[in-house]
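Here are the chains, one letter per residue:
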Amino acid sequence: MIAIDGPSGTGKSTVSRRVAAALHAGYLDTGAMYRIVALEVLRAGLDPADQPAVADLLPRLDFDSPTDPEDQRQVSAGVDVTQEIRSQAVTFAVTPVSANPAVRSWLLDRQRRLARSGRMVVEGRDIGTVIVPEAALKIYLTADEGERARRRHRQNRAAGTTDAGDVGSVALDLARRDRMDSSRVHAPLQAAADAVLVDSSGLQIDETVTRVLELAAERG
Ligand code: C5P
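Residues numbered from 1 in each chain as written. Predicted model: local features only at pLDDT ≥ 70, side-chain atom pairs only at ≥ 80, totals over all residues. Heavy atoms only, no water.

Next up on the list: the UniProt feature "binding site: ATP" (unreviewed entry) in the protein. Following the UniProt record, one finds the feature "binding site: ATP" (unreviewed entry) at Gly6, Pro7, Ser8, Gly9, Thr10, Gly11, Lys12, Ser13 and Thr14. Taking relative accessible area as the criterion, glycine 6 reaches 0% and is therefore assigned buried. Once you skip the residues sitting within four places of it in the chain, glycine 6 turns out to touch Lys12, Gly124, Arg125, Tyr140, Leu141 and Leu189. As for its position among the elements, threonine 14 is in helix H1 (residues 12-22). (UniProt positions renumbered as here; feature names shortened; annotations may be inferred. Buried < 20%, exposed > 50% of the residue type's maximum accessible area, 1.4 Å probe, protein only. Contact = heavy atoms within 4.5 Å. Helix = DSSP H or I, 4+ residues; strand = E, 2+ residues; numbered from the N terminus.)

Okay, structure coming up:
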């Protein structure tokens, strides 16, 4: 089990997926799970900050999370939502939704079950600290702020997101989410004490992947 945590826009998803593929392991994107909950909250017309109303919605949700690194189509209630969960509206709503303790504990069971279902690379914010603290290798992936904003903006455009915004607005959004993810009471974004810090600033994706694979080989 490899846990990969860190703030938004570090290349975490791409790196995690490639590491999983190279190791013939599964891959779990826990951020996508929070995004699906946020999308369904918006679809139900709920206020993402209304914690009891969002908690009541949880038993009605119907989605499975893909673990194939080569096929990350996200489906909720039978509809492909892969693109929609990356929209600006969902990206905005996911912060209050992920600070809701009922949402976190509801997702925790699924995440643990999937994380322990075989050889897995699991990516998120609290994987090494809360979800799988026994992970053989914990990576905390960072990059400097400007580079993270440029990467996320490029990624949004490549994904065909219609409301990708400019680099400045992406930078503001990343700063907002990091601040809220790091300061929330339940499972805040933080490096586990035994995590290996990998700074991807100035590294190509391939170089970061190689670094993580070296660490994985060292840890057996
Ligand atoms: O990784 P991604 O940017 O898609 O995650 C979306 C949001 O989901 C994060 O900003 C964070 O609020 C939340 N999240 C979380 N814990 C995780 C993964 C994501 O709180 N393990």
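What follows picks up the thread again.
Moving on: the pattern of salt bridges. This model, assessed by the stated rule, comprises 16 salt bridges. Ionic pairing is found between lysine 12 and glutamate 123, a salt bridge with its closest N-O pair at 3.6 Å. Remark: glutamate 123 occurs in strand E6 (residues 120-124) and lysine 12 occurs in helix H1; sequence separation between them is 111 residues. Using a relative accessible area of 5% as the deciding quantity, one classes lysine 12 as buried. Taking the shortest distance from any N to any O, the salt bridge between arginine 104 and aspartate 126 comes out at 2.9 Å. (Salt bridge = Lys/Arg side-chain N within 4 Å of Asp/Glu carboxyl O.)

So, about the sheet that holds strand E7 (residues 137-142). Sheet architecture is open: 5 strands sit in the order E2-E6-E1-E7-E8, paired in parallel fashion. What marks the edges here is a single partner per strand, and that holds for strand E2 (26-29) and strand E8 (196-199). Averaged over all pairs of adjacent strands, the angle between their axes in this sheet comes to 20 degrees, without regard to strand direction. Relative to E6, E2 runs parallel, the two sharing 4 bridges. Across the sheet, the residue bridging to glycine 26 is methionine 120, located in E6. Sitting on the sheet, H1 is in contact with strand E1 (2-5), E2, E6 and E7, with an inclination near 175 degrees to E6. Along the sheet face, helix H2 (residues 30-43) touches E2 and E6 and points at about 40 degrees away from the line of E2. (Pairing = 2+ DSSP bridges. Axes fitted to C-alpha atoms, helices over the stretch in contact; angles between N-to-C directions.)

Read from one edge of the open sheet, 3 strands run E3-E4-E5, paired in antiparallel fashion. Across the chains shown, the open sheet's two edge strands, defined by having one partner strand only, are strand E3 (63-64) and strand E5 (79-80). Pairing geometry for E3 and strand E4 (residues 75-76), over 2 bridges, is antiparallel. Bridging across to E4, phenylalanine 63 finds its partner in serine 76.

As a packed pair, H2 and helix H4 (residues 88-98) sit with axes 8 Å apart at the nearest point and diverge in direction by 105 degrees. When the axes of H2 and H4 are compared, the pair comes out roughly perpendicular. Contact residues: H2 offers Tyr34, Arg35, Val37, Ala38, Leu39, Val41 and Leu42, while H4 offers Ala89, Val90, Thr91, Ala93, Val94, Val97 and Ser98. Across the contact of H2 with H4, the residue classes break down as 11 nonpolar, 2 polar and 1 charged. (Parallel < 35°, antiparallel > 145°, perpendicular 65-115°, else oblique. Nonpolar A, V, L, I, M, F, W, Y, C, P; charged D, E, K, R; others polar.)

Quick look at the environment of valine 121 now. Within the fold, valine 121 resides in strand E6. With 101 residues separating them in the primary sequence, valine 121 and alanine 20 have C-alpha atoms 5.7 Å apart. Apart from the residues lying within four places of it in its own chain, the contact partners of valine 121 are Ile2, Ile4, Ser16, Val19, Ala20, Gly26, Tyr27 and Leu28.

Our focus in this paragraph is H4. Side chains that are three or four residues apart share a direction in an α-helix, a result of its 3.6 residues per turn. Residues of H4 that are buried include every one of Val90, Thr91, Ala93, Val94, Thr95, Val97 and Ser98, and no others. Along its buried surface, H4 packs onto H2, helix H5 (101-115) and helix H8 (167-183).

This next bit is on the environment of valine 212. The residue valine 212 is located in helix H9 (residues 205-218) in this model. Separated by 105 residues in sequence, valine 212 and leucine 107 place their C-alpha atoms 26 Å apart. Not counting chain neighbours up to four residues away, the residues in contact with valine 212 comprise Ile4, Val15, Val19, Leu137 and Ile139.

With that out of the way, let us pick up the site of the ligand. Taken together, 15 residues sit near the ligand, with Arg35, Ser98, Arg104, Asp181 and Arg184 positioned nearest. Within the contact set of the ligand, a nitrogen atom lies 3.0 Å away from a side-chain nitrogen or oxygen of threonine 30. Contact between the ligand and arginine 104: an oxygen atom at 2.8 Å from a side-chain N or O atom of the residue. Coverage of the ligand by the protein amounts to 98% of the 450 Å² it exposes when considered alone. (Near = heavy atom within 4 Å. Polar contact = N/O pair within 3.5 Å; in protein donor to acceptor, adjacent residues only side chain to side chain. Areas by Shrake-Rupley, 256 points an atom, 1.4 Å probe, with all protein chains shown as cover.)

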